[in-house]
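A closer look at the structure
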Amino acid sequence: MSRRFENQVVWITGGGTGIGRALALALAEEGAKVVVSGRRAAPLDQLASQHAAISARVCDVVDEQQVADTVASIVAEHGALHMTVANAGYAVAGGVEELALADWRRQFDVNLFGAVSTVKAALPHLRRADGRVVLVGSVMAFLGLPRNAPYSASKAALRLLGHALSAELHGSGVSCTTVHPGFVATDIYKVKNDGSIDDQRADRRPRKLIWSAERAAQVVLSAAHRRRRELVFTGHGKLGAFIGRHAPWLTHFAMTRAAGKKRTDALARGKASKS
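Residues numbered from 1 in each chain as written. Predicted model: local features only at pLDDT ≥ 70, side-chain atom pairs only at ≥ 80, totals over all residues. Heavy atoms only, no water.

1. Concerning the side chain of Thr 84
Structurally, Thr 84 is set in strand 4 (residues 83-86). Thr 84 gets classed as buried once you look at its relative accessible area, which sits at 1%. With residues up to four places along the chain from it excluded, the contact list for Thr 84 reads Trp 11, Thr 118, Ala 122, Leu 126, Arg 132, Val 133 and Val 134. (Helix = DSSP H or I, 4+ residues; strand = E, 2+ residues; numbered from the N terminus. Buried < 20%, exposed > 50% of the residue type's maximum accessible area, 1.4 Å probe, protein only. Contact = heavy atoms within 4.5 Å.)

2. Examining the sheet that holds strand 2 (residues 33-38)
As summarised here, the arrangement of the seven strands in space is 3-2-1-4-5-6-7, forming an open sheet in which the pairing is parallel. The open sheet terminates on both sides in strands that have one partner only, identified here as strand 3 (54-58) and strand 7 (230-233). The mean inter-strand angle of the sheet, taken between neighbouring strand axes irrespective of direction, is 15°. Note that strand 1 (residues 9-13) and strand 4 share three bridges and pair parallel. Residue pairing in the sheet places Val 10 in a bridge with Met 83 of strand 4. Strands strand 1, strand 2, strand 3, strand 4 and strand 6 (175-181) of the sheet are contacted by helix 1 (residues 18-29), whose axis makes an angle of about 170° with strand 1. Its contacts with the sheet put helix 6 (residues 213-225) on strand 4, strand 5 (132-136), strand 6 and strand 7, and the angle it makes with strand 7 is roughly 160°. (Pairing = 2+ DSSP bridges. Axes fitted to C-alpha atoms, helices over the stretch in contact; angles between N-to-C directions.)

3. What to know about the pairing of strand 5
Counting buried residues in strand 5 gives five out of five residues, a clear majority hidden from the surface. The side-chain alternation of strand 5 yields two buried faces, one formed by Arg 132, Val 134 and Val 136 and the other by Val 133 and Leu 135. Relative to strand 5, strand 4 runs parallel, the two being bridged by four bridges. The residue of strand 5 that forms the bridge with Met 83 is Arg 132. The handedness of the strand 4 to strand 5 crossover, carried by helix 4 (residues 101-128), is right-handed. Chirality of the crossover, the property in question, places the unit of strand 5, helix 5 (residues 149-169) and strand 6 among those that are right-handed. (Right-handed = clockwise from strand over helix to strand, strands pointing away.)

Encoded structure:
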């Protein structure tokens, strides 16, 4: 097995489930000392119990003091920090007209400002280690889909944060890698707009397109190790990002046509029920 991260100290936010969890296990197998953090202690503790090289910290990335304290405790325990993965995030769903500004603020607080806080706290230590920053974005950064505007906007902002940070860090020894996965097996669909968890929520994404978190983790680690600036992955993710970049009209056409068909079908059902 490859040991690309032997004896490196890695901090992963949103590390209790999904890609974060898979990254932690993969890094531990490669000889890294891994610290996972998140809002909920239970999944973090369960993960830490699976491997001696993994430890857990409860930390909400929207709380700047908690983030600073987490970094301080990691460095105090391990003596260094070599890589930080800003993976914490969730999705607010709903139409622009119906969502409250509080929903938008919460979305950006977690997905964008949480990542900024994470990076700012970690960078002084990463500079001493010629370390790595990894920002976990989404293919939705390239696609403005209806009822997904807050999530897409937050991930688009994160993408440009990655571009700017990569340029700012050039020549410092620290790299910034921004990754944009397509559909990956995570619990993101269980998180409601207010940030609470609903374990009964169904995952409506197309199952045949969903990658395992383990497969996604290997792609992310390869990109981080090679210090790539940006990577879109999964086949459908690459296609979606390409369309979003070069043919956004196609997305608009497909989405508005589908919406029009739903309205027509609904009207037809209404007329049939009255007759």
